[in-house]
Amino acid sequence: MKKVLPLFLLLFAAAQLAFAQQAPQEELFTPEQMRQDLDSMYSWVNATHPNLYLRISKEKADKEWEKVRKQLKAPLTAREFSIISSPLLSQYWDGHTGLGIDLEDKGLQEYHENGGKFFPFGVEVRGQELIVTKATDASGVKPGAKITKINGVKTGALLKKMLFVWSADNQKNQAANMGRLFGITLWGAYGWGDKVEVEYQNYGDSRKQKEVLNGISYSDLWKLMSAGSRSYNLTIHEKESLAVLELFSLNRTKALEVFLDSAFTAIKEKNIQHLAIDMRRSGGGNSVVGDMVLQYTTTKPYKQGDAKITRYSTVLAAMPYNKGLKSTMDRISQNEGFENNRYRSEWEAKAPEPLAKPELLFEGKLYMLTAPRTFSSSHMMASAFKAYKLGTMIGEATGGSMQFFGEPASFQLPNTKLWGNCAVAEWLSAGFTEANADKGVQPDIEMKQSIKDLAEGRDTVLEFLKESIRTGKLAAVK
């Protein structure tokens, strides 16, 4: 599958150009070319998506498509076209279906290769507020600060115009994605990053302050957006006999298998009695990894999904980078066959395969930490954990919905060459009901990072768990 950055860029004209540093001149496309791309995208998602109109009526959605067609009256760049067209996919509320830009996007590459900089803070979106999570030592802005304006534009106005172009299963997942990729989105929206003026209030300080800040490099930006090169980490808190196994993604590698063996060996050797699987920054990957992890923690039967409905896409064969999906479609066609272009898979709960080293099975108290960034295969793992009562879940609801879509196929528009994804499968998570279809996996104990703790460098959720272990009971949720 072609790897695309799930970023839907806004390019607003005019007013705030004082701080902008633009990418080199980009190709313009005629209204007719863009209408062709619009028609291509509409045909692709309608021929491919398994349940496109689950969360919006076709009539309402089609009206938005028609509005965009009417706006195409003058030549635009691919990025400008993406502003207009990407909300057409995000309106379906499916985090696996959206229009993005290639990671090798020429404009983006040339910008940062020529020394272009990006917004220098890690942030998170809370409602219409922007809160700093990571700050540079070179500024007076501290973690926990509330940014009220950027280059003179109120944060609420920025977010209102930027959030709606993100594809997500729900608003909290959308906000989480926006926070993680805020720096690159702000550059795409306004060309801002080389220098930015921020108006802010540090936590506990009523003063509104202003500061002009230098941007950071592309490589430093990625450090803010990602957990680093590793997809996992183990931390042991000996005082509480607590191990925290943090998974930043569920990417299946040989290195992960080696890590899990060494991690659970350390847990066994130190006689750890409490284990927290931290999924708060895990956006998904391969659900097989979820089974690999749970194999070390339970012998109880479980399943990660109740059912999957795969749709046969009549246009998939024409698109490159989808060999795996094409192979799956061919296998179903040759064996079970599709009925009305659909194939339904269902599963029974079953016990994990025995460990190669049975002595590494963890038999203490188990917890899972979740948040709105817990998405896709990570959401599936969380749904199994909750549905089969494998332990205590603490944090916020996952970013995936109990009825969600996955296994995205890549497509490319013929003229602008913009890349996008469209789901081909509909999933019913473990524990799915009609009542919880649009909700994420709900924690047993709801708890989120407080701004006070963020400012003071504490992990609210983890400290709650540690205190609960020390006292032998669950403290009151604040």
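What you see is a predicted model, and the numbers here were worked out from it, not measured in a lab.

What counts and how
- Residues numbered from 1 in each chain as written.
- Predicted model: local features only at pLDDT ≥ 70, side-chain atom pairs only at ≥ 80, totals over all residues.
- Heavy atoms only, no water.
- Helix = DSSP H or I, 4+ residues; strand = E, 2+ residues; numbered from the N terminus.
- UniProt positions renumbered as here; feature names shortened; annotations may be inferred.
- Buried < 20%, exposed > 50% of the residue type's maximum accessible area, 1.4 Å probe, protein only.
- Contact = heavy atoms within 4.5 Å.
- Salt bridge = Lys/Arg side-chain N within 4 Å of Asp/Glu carboxyl O.
- Core = buried A, V, L, I, M, F, W, Y, C linked by side-chain atoms within 4.5 Å.
- Expected span 1.5 Å × (residues − 1).
- Phe/Tyr/Trp six-rings, centres within 6.5 Å; stacked < 30°, edge-to-face > 60°.

A. Spotlight on the environment of Arg79. Note on placement: Arg79 falls in helix α3 (residues 78-90). As for Arg79 and Ala189, which are separated by 110 residues in sequence, their C-alpha atoms are 9.4 Å apart.

B. Focus on the UniProt feature "domain: Tail specific protease" (unreviewed entry) in the protein. The positions that UniProt labels "domain: Tail specific protease" (unreviewed entry) are, in the present scheme, residues 260-446. The span residues 260-446 is 22% helical and 27% strand by assignment, and the distance between its end C-alpha atoms comes to 28 Å.

C. How the structure looks around the environment of Ala243. Within the secondary structure, Ala243 sits in strand β12 (residues 242-247). On the accessibility criterion, Ala243 (0% relative accessible area) is buried. Sequence separation of Ala243 and Ala263 is 20 residues, and the distance between their C-alpha atoms is 9.3 Å. The contacts of Ala243, once residues within four sequence positions are left out, are Leu234, Thr235, Ile236, Ile267, Ile272, His274, Leu275 and Ala276.

D. Geometry of the pattern of salt bridges. Counted under the stated rule, the structure contains 26 salt bridges. One salt-bridge network, held together by shared partners, links Lys452, Asp453, Glu456 and Arg458.

E. Broad picture of the nonpolar core. Counting 39 residues, the largest nonpolar core has Leu260, Phe264, Leu275, Ile277, Val293, Met368 and Met381 as the members making the most contacts within it. Those elements giving two or more residues to this core turn out to be β12, α9 (254-269), β13 (274-278), α10 (287-294), β16 (365-370) and α12 (377-387). By residue number, the principal contributor to this core is α9, which donates six residues. Apart from the residues within four sequence positions on either side, Leu275 is in contact with Leu242, Ala243, Leu245, Phe264, Ile267, Thr297, Phe362, Lys365, Leu366 and Tyr367. If you look at the next biggest cluster of nonpolar residues, it comprises 38 residues, including Phe119, Ile150, Leu213 and Ile216.

F. Just helix α1 (residues 31-48), in detail. Counted at 1.5 Å a residue, the expected span for α1 with its 18 residues is 26 Å, and the 26 Å between its end C-alpha atoms agrees. Restricting attention to buried positions, one finds in α1 the residues Pro31, Met34, Asp37, Leu38, Met41, Trp44, Val45, Ala47 and Thr48.

G. A look at the side chain of Asn173. Along the chain, Asn173 turns up in helix α6 (residues 171-180). For Asn173, the contacting residues outside a window of four places in its chain are Ala168, Pro372, Arg373, Phe375 and Gly399.

H. Seen up close, the packing of aromatic side chains. If you walk through the whole model with that rule in mind, you get 17 aromatic pairs. On the basis of an interplanar angle of 45 degrees and a centroid distance of 5.8 Å, the ring pair of Phe118 and Tyr218 is categorised as tilted. Separated by 100 residues along the polypeptide, Phe118 in the loop between α4 (106-113) and β5 (122-126) and Tyr218 in helix α8 (residues 218-225) bring together distant segments of the chain. For the pair shown, Phe118 and Tyr218 are each scored as buried. On the numbers, 5.2 Å between centres and 70 degrees between planes, the contact of Tyr321 with Trp419 is edge-to-face. Here Trp419 lies in strand β19 (residues 419-429) and Tyr321 lies in the loop between β14 (305-311) and α11 (323-334), a separation of 98 residues in the sequence. Overall, the relative accessible area of 41% leaves Tyr321 in the partly exposed class. For Trp419, a relative accessible area of 4% puts it in the buried group.

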